[in-house]
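Structural overview
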Amino acid sequence: MAKAIVIGAGIAGIASAIRLAVKGYQVDVFEANSKPGGKLGEIKMNGFRFDTGPSLFTMPQYIDELFILAGKNPKDYFDYIKLKEVCRYFYEDGLRLTAKSNIELFAQEIEEKTNSKAKEVHRFLEKSATIYEITHQVFLERTLHKLKSYLHWDTLKSIFRFLQIDPFRSQSKANEQFFKDERIAQLFNRYATYNGSDPYQAPATLNVIPHFEYHFGAFLPKNGIYGIVTALVKLAEELGVKFHYNQKAEEILFIDSSKTKIQGIKIYDKIYKAEVVVSNLDIWFTYKNLLKGIDAPKKLLSQERSSSALIFYWGMDGNYSDLGLHNILFAKDYKSEFNAIWKEKTICNDPTVYINITAKHIRGESPNDSENWFVMINVPANNGQNWDLLIKEARANIIKKISRILNRNIEKEIICEQILDPRSIESKTGSYQGSLYGNSSNNRFAAFLRHPNFSKKIDGLYFCGGSVHPGGGIPLALLSAKIIDDNLPS
Ligand code: FAD
C-alpha cells in the first residue's frame with residue numbers, strides 16, 4: 001500500500017487525508033498542536049463555548065462531498081441549518097438593516113430605509129452571479145498551473161469573458177456606481193474583508209463573494225464550527241487515517257541528492273517515509289522551515305499578506321435582543337479604517353466591530369441568561385507593532401462603540417474574557433504574521449499568483465490550505481485538497 005503523509009491537521013490537511021485514504025493510500029497526519037483543526041479551534045471557559053476562528057460557514061456541499069466520496073451519508077456525521085437571516089447591520093447614524101437570505105425581502109428593506117432602490121441590489125447580485133459563473137471552474141476548482149486546465153472549452157469561454165469579471169477597478173469604485181446610498185456600497189465593500197483584503201484597493205472581482213452568501217446561502221453547523229473538525233476527523237479515522245498530535249514536522253526529506261523525489265519527513269530525528277507528502281502549513285513556513293536547500297519562490301513569498309484580526313471572546317451576562325447570530329457595527333469612516341490597517345499598519349479609533357453569538361441558535365453554548373460573544377475587528381498583519389498598547393486602546397473603543405449603538409453599558413456585563421491577536425494567531429496556527437488568509441487579494445493578479453498545489457520540480461510533494469491556490473477561507477481551503485486529489489498520479 002502506498003504511503004502518504006499530511007503535515008498539519010488544518011481543515012485542508014484533514015480533507016486531503018480523507019481524499020488520499022479514499023484513493024487507497026495509508027495516511028499519517030502529523031500535527032504540531034495537541035488538537036486538530038488549526039484555525040478552526042474552540043475554547044471553553046466558565047460554562048461558555050467559543051469557536052476561535054471562522055464563524056461564517058458557506059458552501060457546506062464541499063464538506064458533504066467528502067462523506068459522499070467515502071460512501072457515507074453526511075447527515076450521519078454532520079448537520080447544519082440554513083440561516084434565514086444572514087447578518088444584522090448597525091450604522092452610527094441610527095440605520096439598522098437585517099440582511100435576510102430572501103433577496104426580495106432584503107432589497108425591499110434597503111429601498112424602504114435608505115436612498116438606494118431594490119433594483120440596485122438585484123443588479124449588483126446579478127453581476128455577482130456573472131463573476132461566479134465565469135470564475136468558479138477556471139480559477140477556483142482547477143489548478144492554474146497545468147496546460148490541461150486551459151484546454152477545456154469553459155476555460156476558453158471564461159478567458160473571452162475576462163473583462164466581465166471587473167478586474168480593472170477597485171471594489172469600492174464599482175460599488176459607488178452600483179449604489180446611490182453610500183451605506184449600501186459600504187455594506188457590499190465589506191466582502192473584501194472575507195479574504196483579508198482592502199475594498200479600496202482590491203479588484204471589483206471580489207464582488208463574487210456575496211454570491212456565496214445570497215445564492216448558495218449562509219449556514220451554521222448544529223454543533224458549531226468546531227463540529228466540522230470533529231466530524232471530518234471521525235470520518236478520516238474510520239478510513240484508517242492515523243493522527244499524531246504534538247508532532248511538529250522539522251524537515252521534508254528527499255531520496256536523491258538533487259532533491260527531485262520525496263522520501264518522507266523528519267520529526268525529532270525520526271524519519272517517516274512516504275511516496276506522497278502534503279504540506280498544510282502556511283506556504284511561507286513550508287519553504288522557510290521544511291524545504292531546506294530548496295530555492296523559495298521569492299516574489300510570491302514577498303507579496304503583501306492578508307489582514308489579521310483581534311478577537312475578544314467574552315462571556316456576557318444577559319441577553320441582547322437587538323443582536324442576532326452575525327452582527328456588524330460599521331465604522332463611521334470606512335475609508336479611514338482601511339487606511340489605518342493598510343497604509344499606517346495600525347488600528348483606527350472607530351473600527352468596524354463584528355459580533356458573533358452562536359448561543360442565539362445553539363443550546364448549551366452559554367449558561368442561562370447569558371451569551372457567548374465573539375467580538376472581532378480587522379487589524380493589520382503583525383509587523384512588530386506595540387500590540388499590548390493597541391489592544392488596550394481597541395478594547396476601550398470597542399466597548400464604547402457597542403454600548404453607544406445598543407444604548408446599554410456592556411462593560412460591566414463581561415464575565416470572562418480571552419483574547420487572540422496577530423501574534424497568537426501566528427504562534428497557535430502557524431500563520432505567517434498572523435494573517436488570516438495567506439496573501440492579500442489587493443493586487444488584481446493575486447488570484448494568479450498563489451502557490452500551486454503541487455511541486456513541478458519535486459515528485460510527490462503537494463501543498464494545501466488557505467495560503468496556496470485557490471485561496472483562504474474554509475470553502476477554498478477544501479478546494480485546494482480537491483485539486484490535489486485531481487492531480488495525484490493515477
Ligand atoms: P490552518 O488552519 O492554517 O492549519 C494549519 C495546521 O498546520 C495547524 O493546525 C498548525 O498547528 C499545523 N502546523 C503548522 N506547522 C506545523 C509543523 N511544522 N508540523 C505539523 N503541523 C504544523 N474562513 C471562513 O471560511 N469563514 C470565516 O468566517 C473565517 N473567519 C476567520 C476568522 C479567524 C479569526 C481566522 C483565524 C480565520 C478565519 N477564516 C474564515 C479563515 C479560515 O479559518 C482559514 O482559511 C482556514 O481554516 C485555513 O485552513 P488551513 O487548511 O490552511 O489550515
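Residues numbered from 1 in each chain as written. Predicted model: local features only at pLDDT ≥ 70, side-chain atom pairs only at ≥ 80, totals over all residues. Heavy atoms only, no water.

1. Comments concerning the pattern of salt bridges
Going through the model one piece at a time under the given rule, you end up with 31 salt bridges. Lys23 serves as the salt-bridge partner of Asp485, at 2.5 Å between the closest nitrogen and oxygen. In this pair, Asp485 is assigned in helix α16 (residues 474–486) and Lys23 in the loop between α1 (11–22) and β2 (26–30), connecting sequence segments 462 residues apart. What you see here is one network of salt bridges that share partners, running through Arg19, Lys23, Glu65, Lys482 and Asp485. (Salt bridge = Lys/Arg side-chain N within 4 Å of Asp/Glu carboxyl O. Helix = DSSP H or I, 4+ residues; strand = E, 2+ residues; numbered from the N terminus.)

2. Examining the environment of Tyr334
Secondary-structure assignment places Tyr334 in helix α12 (residues 334–342). Tyr334 sits in the buried class, given a relative accessible area of 5%. Once the C-alpha coordinates of Tyr334 and Thr352 are considered, the two residues, 18 residues apart in sequence, prove to be 7.8 Å apart. Apart from the residues within four sequence positions on either side, Tyr334 is in contact with Gln186, Asn189, Arg190, Tyr200 and Thr352. (Buried < 20%, exposed > 50% of the residue type's maximum accessible area, 1.4 Å probe, protein only. Contact = heavy atoms within 4.5 Å.)

3. Considerations on the sheet that holds strand β13 (residues 276–279)
With respect to topology, 5 strands assemble into an open sheet ordered β9-β2-β1-β13-β19, the strand pairing being parallel. Across the chains shown, the open sheet's two edge strands, defined by having one partner strand only, are β9 (242–244) and β19 (461–463). Within the sheet, the average angular offset between the axes of one strand and its neighbour, ignoring direction, is 20°. (Pairing = 2+ DSSP bridges. Axes fitted to C-alpha atoms, helices over the stretch in contact; angles between N-to-C directions.)

4. Digging into the packing of helix α3 (residues 103–113) against helix α4 (residues 118–140)
Where α3 contacts α4, the axes come no closer than 7 Å and their chain directions differ by 135°. The orientation of α3 relative to α4 falls into the category oblique. Contact residues: Ile103, Glu104, Ala107, Gln108, Ile110 and Glu111 in α3; Ala118, Val121, His122 and Leu125 in α4. Looking at side-chain class alone, the contact of α3 with α4 contains 6 nonpolar, 2 polar and 2 charged residues. (Parallel < 35°, antiparallel > 145°, perpendicular 65-115°, else oblique. Nonpolar A, V, L, I, M, F, W, Y, C, P; charged D, E, K, R; others polar.)

5. A closer look at the domain arrangement of the protein
Looking at the assigned domains, one finds that the protein contains domain 1 (3–38 + 224–304 + 444–486) and domain 2 (104–213). At the interface, 14 residues of domain 1 touch 13 residues of domain 2. Roughly 1,300 Å² of surface becomes buried between domain 1 and domain 2 when both sides are summed, with 67% attributable to carbon and sulfur atoms. Of all residues in domain 1, the largest losses of buried area upon contact with domain 2 belong to Arg444, Phe448 and His469, amounting jointly to 38% of the total for that side. For the pair domain 1 and domain 2, the number of links is 0 salt bridges. Seen at the junction of domain 1 and domain 2, the total is 1 residue pair in polar contact (both at pLDDT 80 or more). Of all the elements in the fold, those that place two or more residues in the side of domain 1 that touches domain 2 are α15 (446–449) and α16. With 4 residues, the top contributor of residues to the side of domain 1 that touches domain 2 is α16. Taken together, the residues that form the side of domain 1 that touches domain 2 break down as 8 nonpolar, 2 polar and 4 charged. (Domains from an automatic or database assignment. Buried area = accessible area lost by both parts, 1.4 Å probe. Polar contact = N/O pair within 3.5 Å; in protein donor to acceptor, adjacent residues only side chain to side chain.)

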